[in-house]
Amino acid sequence: MSQVEDVVAREIADLQPLFDDLEVERFFVHVHAARADLPETLVAGVHGDAPGFALLGRHQIHLVLDVIARTGATMKGVIRHELVHELLDQYCGQDGRYLPRWFHEGLAQTLAGDTYLGASEEDLVWRVSAGSLRSIDVLDRSFPSATTQRRTAYSHSFSYVSWLVREYGLPALLRVARYTDSSTTFARALVAHAERSTLELEDRWRDYLLHGSGARWRSLFSNWFSLLLILALPVLVLALRRRLDSEVRAARRLAQRAAQDRRAAEAREAELRARAGGGDRGLEEEADDAPLR
Ligand SMILES: [Zn+2]
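Thresholds, definitions, all that
- Starting from 1, residues in each chain are numbered consecutively following that chain's sequence as written.
- With the structure being a predicted model, the display of local features is reserved for residues of pLDDT at least 70 and the display and counting of side-chain atom pairs for 80 or more, all residues being used for whole-chain, interface and lining totals.
- Note on conventions: DSSP H or I runs of at least 4 residues are helices, E runs of at least 2 residues are strands, and numbering of each starts at the N terminus.
- Here the C-beta atoms are placed from the backbone, and a residue counts as buried if at least 20 other C-beta atoms lie within 10 Å of its own, exposed if 12 or fewer do, and partly exposed otherwise.
- DSSP calls a pair of strands paired once it identifies at least 2 bridges connecting them.
- Inter-axis angles, ranging from 0 to 180 degrees, are taken between N-to-C directions of lines fitted to C-alpha atoms, where helices are fitted over the stretch in contact.
- To estimate how far a helix should extend, the number of its residues minus one is multiplied by 1.5 Å.
- It is the directions from the helix axis to the C-beta atoms that the arc portrays.
- In predicted models, pLDDT denotes the confidence assigned by the predictor to each residue on a 0 to 100 scale.
- We call two residues in contact when the distance between their C-beta atoms, placed using the backbone, is within 7 Å.
- To sort the angles, those under 35 degrees are grouped as roughly parallel, those over 145 as roughly antiparallel, those from 65 to 115 as roughly perpendicular, and the leftovers as oblique.
- In these notes, a nonpolar core means any group of buried Ala, Val, Leu, Ile, Met, Phe, Trp, Tyr and Cys residues linked to one another through C-beta atoms within 7 Å.
- Where each domain begins and ends follows an automated or database-derived domain assignment.

**Comments concerning the overall build of the chain**
A count of helical and extended segments in the chain gives 14 helices and 3 strands. Of all 293 residues assigned to the chain, the portion counted as buried reaches 26%.

Below, the structure is given as structure tokens:
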């Protein structure tokens, strides 16, 4: 338990300057041995593979040790991720509840330097290339619960927020977060700051993802074995056909050889029979005499 306290203390000290040296209000970190120990009401809506979660507005962080171990997440990464949720919520005060979930998840992953559910930019490359990734605005309305869609939502949030931080800087984004309230959405505050429409911003991000982030190459290399197999398939089929053909030819040759041998043996037998006068007896005598010579 003291290990958790140490990591929390260290990571708060590291994150505070990023949030304008925010004076952190009291909050609670609950450590659970197993997800099965948690009451159903508490984990309702929390994905089964989530190693931790924060209850915004209630100043609670929950860490789930068996999920951390099972998913291979690091204690530091999980604590830092959940701390970002808590600090961002405190930083925006009462209006923190108007921040979109994608911004929360994107910033938590960006500042933790780690993603949730194995999310990665490489997952997005094919979807963006195929034009099947919907606007980030969709995640604002509902964050998916099914594993594959949720992983994509985490990847999308992470990649877009990382790009925004790179493009406009963290202080500007936190100002945008603070401008967000019941009458001004985060998207509108961002458009006002960036002086670009949401459409333009997302186009620029997609362009960066495909051509500037290196994700396309990483994705290509991570799939190189499958690609090589696909490329090599016609060659493998040809080689297999050649091998099958040569085996059929060899079998045919063996059958011909066996037939020739059989015919030769029959001919020899007939010749011997003719030389012995045609009787079986002679053959027997010859055979009986053989050992005495
Ligand atoms: Zn999160």
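Moving on from the coordinates now.
**A look at the sheet that holds strand S2 (residues 52-55)**
Across the sheet, 3 strands lie side by side as S1-S3-S2; this open sheet has mixed pairing. Edge positions in the sheet fall to strand S1 (28-32) and S2, since each of these pairs with one other strand and no more. The sheet shows a mean angle of 15° between the axes of neighbouring strands, direction not considered.

**Description of helix H11 (residues 198-211)**
The terminal C-alpha atoms of H11 lie 20 Å apart, and with 14 residues this matches the ideal 20 Å at 1.5 Å per residue to within 8%. Turning to H11, its buried residues number three or more, namely Leu201, Trp205 and Leu209. For H11, the angular spread of buried residues about the axis comes to 70°, placing them on one side. Exposed positions of H11 whose direction lies more than 90 degrees from the buried face are Leu199, Glu200, Asp203 and His211.

**Examining the pairing of strand S3 (residues 60-64)**
Each regular strand displays side chains that alternate between the two surfaces of the sheet. Burial of S3 is extensive: 4 of the 5 residues sit out of reach of the surface. Of the pairings in the sheet, the one linking S1 to S3 comprises 5 bridges and is parallel in character. The partner of histidine 32 across the bridge, within S3, is valine 64. For S2 and S3, the ladder comprises 4 bridges, and the chain directions are antiparallel. Bridge pairing in S3 links alanine 54 to isoleucine 61. Taking the residues that link successive antiparallel strands as the turn, the S2-S3 hairpin has 4 residues, and the phi of glycine 57 there is positive, at about 85°.

**Considering the confidence of the model for the chain**
For any part of a model where pLDDT is low, the fine detail of the predicted coordinates should not be relied upon. Mean pLDDT over the chain: 87, with 89% of residues reaching 70 or higher. Across the chain, element-level confidence peaks in helix H9 (residues 170-179) with a mean pLDDT of 98 and bottoms out in helix H14 (residues 280-289) with 40. The low-confidence segment residues 279-293, where pLDDT is below 50, has 3 contacts with residues more than four positions distant or belonging to other chains.

**With respect to the packing of helix H8 (residues 147-168) against H9**
Packing of H8 against H9 brings their axes to within 7 Å, and their N-to-C directions diverge by 115°. Relative to H9, the element H8 is oriented roughly perpendicular. Where H8 abuts H9, its residues Leu164, Val165 and Tyr168 lie against Leu170, Ala172 and Leu173.

**Focus: the nonpolar core**
Among the nonpolar cores identified, the biggest contains 44 residues, and Val84, Phe103, Leu107, Tyr160, Val161 and Ala177 are the most heavily contacted of them. If one sorts the elements of this core by residue count, H8 sits on top with 7 residues. Built from parts of two domains, this core gets at least three residues from each of domain 1 (1-98) and domain 2 (99-222). Aside from chain neighbours lying at most four places away, what touches valine 161 is Phe103, Gly106, Leu107 and Thr110.

**Overview of the environment of alanine 146**
Turning to its location among the elements, alanine 146 is positioned in the loop between helix H7 (136-141) and H8. C-beta crowding within 10 Å serves as the criterion here: with 10 such atoms nearby, alanine 146 is assigned to the exposed category.

**Digging into helix H6 (residues 121-130)**
Residues spaced three or four apart along an α-helix face the same direction, because each turn holds 3.6 residues. Looking only at H6, the buried set comprises Glu121, Glu122, Asp123, Leu124 and Val125. Note on H6: the residue one or two positions beyond its end, glycine 131, has a positive phi of about 70°.

**With respect to the environment of threonine 180**
Along the polypeptide, threonine 180 turns up in the loop between H9 and helix H10 (186-194). According to the C-beta neighbour criterion, threonine 180 is buried, with 22 such atoms within 10 Å. Residues threonine 180 and leucine 190, 10 residues apart in the sequence, show an inter-C-alpha distance of 9.1 Å. The residues contacting threonine 180, other than those within four sequence positions of it, are Asp95, Tyr98, Leu99, Thr185, Phe186 and Ala189.

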